[in-house]
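# What the coordinates show
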Protein chains: 2
Amino acid sequence: MTDEAKAFVPGHVTGFFAVERTDDPTTTGSRGGGLTLSDGVTVTVRPDTETEILLDDVSVDIGAVEGVLEALGIEATVIGETDLPLGSGFGVSGAMALGTALAATDEFDLELSMAELTTVAHGAEVQAGTGLGDVVAQARGGMVLRLEAGGPRANELDGLPARPRVEYLTLGELDTSDVIGGDTERLSAAGDDALSRVVEQPTVERFMYASRRFAREAGLLTPDVKDVIMDVTEAGGEASMAMLGETVFALGTGLSDAGYDPHVCRVDPTGATVLGGSHRDQAELQPHASDGK
Amino acid sequence: MTDEAKAFVPGHVTGFFAVERTDDPTTTGSRGGGLTLSDGVTVTVRPDTETEILLDDVSVDIGAVEGVLEALGIEATVIGETDLPLGSGFGVSGAMALGTALAATDEFDLELSMAELTTVAHGAEVQAGTGLGDVVAQARGGMVLRLEAGGPRANELDGLPARPRVEYLTLGELDTSDVIGGDTERLSAAGDDALSRVVEQPTVERFMYASRRFAREAGLLTPDVKDVIMDVTEAGGEASMAMLGETVFALGTGLSDAGYDPHVCRVDPTGATVLGGSHRDQAELQPHASDGK
């Protein structure tokens, strides 16, 4: 058996959000709403003498992952595998950070709870400037409402009791840090309006309506994304823009019905999880099995 | 298509707990720790002119389910199907209550969030006197630590990042209401000690140690359960007693290694969820599909 541990972290598409900045990365973050997806990132962590990060077989620099390894005080090879498009609003950097924290906790017997390791990953992602709310949503799974911003000790989460089919179509890349690093006042006002709407009426339909209205009011719609959303609406479906990516997501068969050829998945009900057959599962929990180490 | 909705709720085995009583069912509950199981209850809700509750094809009275239906203001046939033993510490009544709330929210378009419907089910379970902490753990999934008691608005949850294989063996039934309705001072002191131990060192091994110690200190071990736990320990494994049932649960191959023939499952990572193909999924989210209604 190779000495490694694996975790799966769902992708996360944000529908609307409001930015909350403090001096502390664990209380900085975003309120808002999003969908975690059955399409996600499988992260493998292997102890190593120096740190290397691979994503789909390509060596990459991901600040959030480096931050997690540093906070945990370990060196490792981190291997991410995903079918999700990169830089397109699916929270891949957050998934890599959280998956690294989960798999490393398992592999190195770090004695961290879910809230503790989620805090580490959230803080690293905020410090890297690549996301504000993906990690806490990915840790929970489902259709997540982030009622208060920040890591697990600061935030407050709720969810919608639904796991619809999701279709998505990516038209290009957007740089998250450009948007969330700039002036976010107008965006945050629109995000808080959207959140209030969904809290008042926590349904899937209201979520999609609030997301579309947020995208328009926050001034984030690109012309191409706008055209696709209008096509879906004209075909009688529900679609909006993934924050922040040049990506349209729709429920049910919204994009297919409008004549597009989208990726198809579902809302993931589970959230981030270590995968069976991991280090801890095989070795410590079956004390009589020879684990070859 | 039959007009019905379904939900799955994992079983929940409590390892240790401390009772918190207030005048309000939504702030009454228990702190403690437990495992949700991939073995659970599938609950189907069908609108009906009067309420009937079936569990494995037998008509039953389950106060927590009746309380949920009453709180939601609906009449329905509720059908539970499970492989879990009844009255043996697996949280079947909590699963029935939470599954009813989830499926009913879906079927009747009730516009309730996960926290709201979990609050309804938790409150109904507390008022029926059949459980204090199962529902909130079952809503979350995983190896759950309940740091503060009560429903979602009052409690605080954490988890251990592991999903080990679980074996269990049921020797008989115990009446939960007899124990949690009586004097719980000694039990709660032992439960808070156990919780502190696991919070300090959030590992699976520590969880099992704290559970065994709680069972002994709280004076809840029956002679038969004690014998089986000792057999598992002698065979080098980890086991404890399900609170509250005449049930032994073990990690990995603990019971098998000791020569028993246990049920085998895993820790469920997901928590309670509506099942695909439900009313909402088919009808509202695919607006163009003919749903036959």
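Figured I'd write up the structure that's included with this text.

## Remarks on the interface of chain B and chain A
- On the chain A side, the residues contacting the 46 residues of chain B number 46 residues.
- Where chain B abuts chain A, roughly 3500 Å² becomes buried across the two surfaces, and 54% of that area is made up of carbon and sulfur atoms.
- Our enumeration of links across chain B and chain A arrives at four salt bridges.
- When the shortest N-O distance is used, the salt bridge between B:Arg153 and A:Asp158 registers 3.5 Å.
- On inspection of chain B and its partner chain A, the count reaches eleven residue pairs in polar contact (both at pLDDT 80 or more).
- Among the secondary structure elements, those contributing two or more residues to the side of chain B that touches chain A are α2 (92–107), α3 (114–128), β7 (156–160), α7 (204–217), β12 (273–274) and α10 (279–282) of chain B.
- Of the residues that constitute the side of chain B that touches chain A, the class distribution is 18 nonpolar, 14 polar and 14 charged.

## A word on the pattern of salt bridges
- Tallied over the full model, the rule gives 20 salt bridges over all chains.
- With a shortest N-O distance of 2.9 Å, B:Glu156 and A:Arg153 are connected by a salt bridge. Residue B:Glu156 is found in strand β7, and its partner A:Arg153 is found in the loop between β6 (143–148) and β7 (156–160); the two belong to separate chains.
- A network of salt bridges, in which partner residues are shared, links A:Glu4, A:Lys6 and A:Arg46.

## As for the sheet that holds strand β9 (residues 239–241) of chain A
Residues and elements named next belong to chain A.
- In space, the four strands of this open sheet follow the order β9-β10-β8-β11, with antiparallel pairing throughout. At either margin of the open sheet sits one strand with a lone partner, and together these are β9 and β11 (263–266). Adjacent strand axes in the sheet meet at a mean angle of 30 degrees when their direction is disregarded.
- When β9 meets strand β10 (residues 246–251), the two strands line up antiparallel, connected through three bridges. By the bridge assignment, Ser240 is partnered in β10 with Phe249.
- Packing against the sheet, helix α7 (residues 204–217) makes contact with β9 and β10, and its axis sits at approximately 40 degrees to β9.

## Details of the packing of aromatic side chains
- Enumeration over the complete set of coordinates arrives at six aromatic pairs over all chains.
- Aromatic side chains A:Phe16 and A:Phe207 sit 5.4 Å apart centroid to centroid with 50 degrees between the ring planes, which places their arrangement in the tilted category. You can see A:Phe16 sitting in strand β1 (residues 5–20) and its partner A:Phe207 sitting in helix α7, a full 191 residues away along the chain. Residue A:Phe16 shares its accessibility class with A:Phe207, and that shared class is buried.
- Pairing B:Phe90 with B:Tyr168 gives two aromatic rings, centres 4.7 Å apart and planes at 55 degrees, and the pair type is tilted. Taken together, the residues B:Phe90 in the loop between β5 (76–82) and α2 and B:Tyr168 in strand β8 (residues 165–172) connect sequence positions 78 residues apart.
- For B:Phe90, a relative accessible area of 1% puts it in the buried group.
- On the basis of relative accessible area, B:Tyr168 is assigned to the buried category, the value being 0%.

The rules behind each value
Residues numbered from 1 in each chain as written. Chains lettered and ligands numbered in written order. Predicted model: local features only at pLDDT ≥ 70, side-chain atom pairs only at ≥ 80, totals over all residues. Heavy atoms only, no water. Contact = heavy atoms within 4.5 Å. Buried area = accessible area lost by both parts, 1.4 Å probe. Salt bridge = Lys/Arg side-chain N within 4 Å of Asp/Glu carboxyl O. Polar contact = N/O pair within 3.5 Å; in protein donor to acceptor, adjacent residues only side chain to side chain. Helix = DSSP H or I, 4+ residues; strand = E, 2+ residues; numbered from the N terminus. Nonpolar A, V, L, I, M, F, W, Y, C, P; charged D, E, K, R; others polar. Pairing = 2+ DSSP bridges. Axes fitted to C-alpha atoms, helices over the stretch in contact; angles between N-to-C directions. Phe/Tyr/Trp six-rings, centres within 6.5 Å; stacked < 30°, edge-to-face > 60°. Buried < 20%, exposed > 50% of the residue type's maximum accessible area, 1.4 Å probe, protein only.

Any link to function would need more than the numbers given here.
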